[in-house]
Amino acid sequence: MFMTIVRPAVEPQGPDAVAVPGSPAIPGLPPRALHARLLENAALRRMRGAERLRSNRLEDADYWLHAAPVAVRKASALREEKSFAPIP
């Protein structure tokens, strides 16, 4: 049997430090951009938790709703570590 490997039409350009655990950090990413990604990640986790609640998948919903604050804490820690000016 002959098999071919089909490559995706769009390939990622590099690792994403927020989405892929254990991947190397993207060099040169400004702290505000990483902060924004972390907050977006938290929002997506909350939305996924709400979706799971609507589907009556309570264990999945608990996981996603408890994972969202972790991303917010990471964003807060980054903000304190880099001490950039507050966003107006």
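Residues numbered from 1 in each chain as written. Predicted model: local features only at pLDDT ≥ 70, side-chain atom pairs only at ≥ 80, totals over all residues. Heavy atoms only, no water.

## Digging into the overall build of the protein
Okay, step 1: Scanning the protein from N- to C-terminus turns up two helices and zero strands.
Okay, step 2: Classification of the 88 residues of the protein by burial places 17% in the buried group.
Okay, step 3: A fraction of 39% describes how many contacts in the protein between residues 6 or more apart in sequence connect residues 24 or more apart.
Okay, step 4: With the model as given, the accessible surface of the protein reaches about 7200 Å², and the carbon-plus-sulfur share is 60%. (Helix = DSSP H or I, 4+ residues; strand = E, 2+ residues; numbered from the N terminus. Buried < 20%, exposed > 50% of the residue type's maximum accessible area, 1.4 Å probe, protein only. Contact = heavy atoms within 4.5 Å. Areas by Shrake-Rupley, 256 points an atom, 1.4 Å probe, with all protein chains shown as cover.)

## A look at the environment of Ser-76
Okay, step 1: Within the secondary structure, Ser-76 is located in helix α2 (residues 58–82).
Okay, step 2: For Ser-76, a relative accessible area of 37% gives the class partly exposed.
Okay, step 3: Sequence separation between Ser-76 and Leu-39 is 37 residues; the distance between their C-alpha atoms is 9.4 Å.

## Some thoughts on the side chain of Arg-52
Okay, step 1: Along the chain, the position of Arg-52 falls in helix α1 (residues 31–54).
Okay, step 2: With a relative accessible area of 15%, Arg-52 lands in the buried category.
Okay, step 3: For Arg-52, the residues in contact, after removing those within four places along its chain, are Arg-57, Asp-60, Ala-61 and Trp-64.

## Considering the environment of Leu-53
Okay, step 1: Summarising the element assignment, Leu-53 is placed in helix α1.
Okay, step 2: According to the relative accessible area criterion, Leu-53 is partly exposed, its value standing at 41%.
Okay, step 3: Along the primary structure Leu-53 and Leu-65 are separated by twelve residues, whereas in three dimensions their C-alpha atoms are 9.6 Å apart.
Okay, step 4: If near-sequence neighbours (up to four positions away) are discounted, Leu-53 is found in contact with Leu-58, Ala-61 and Leu-65.

These values are about where atoms sit, not about what they do.
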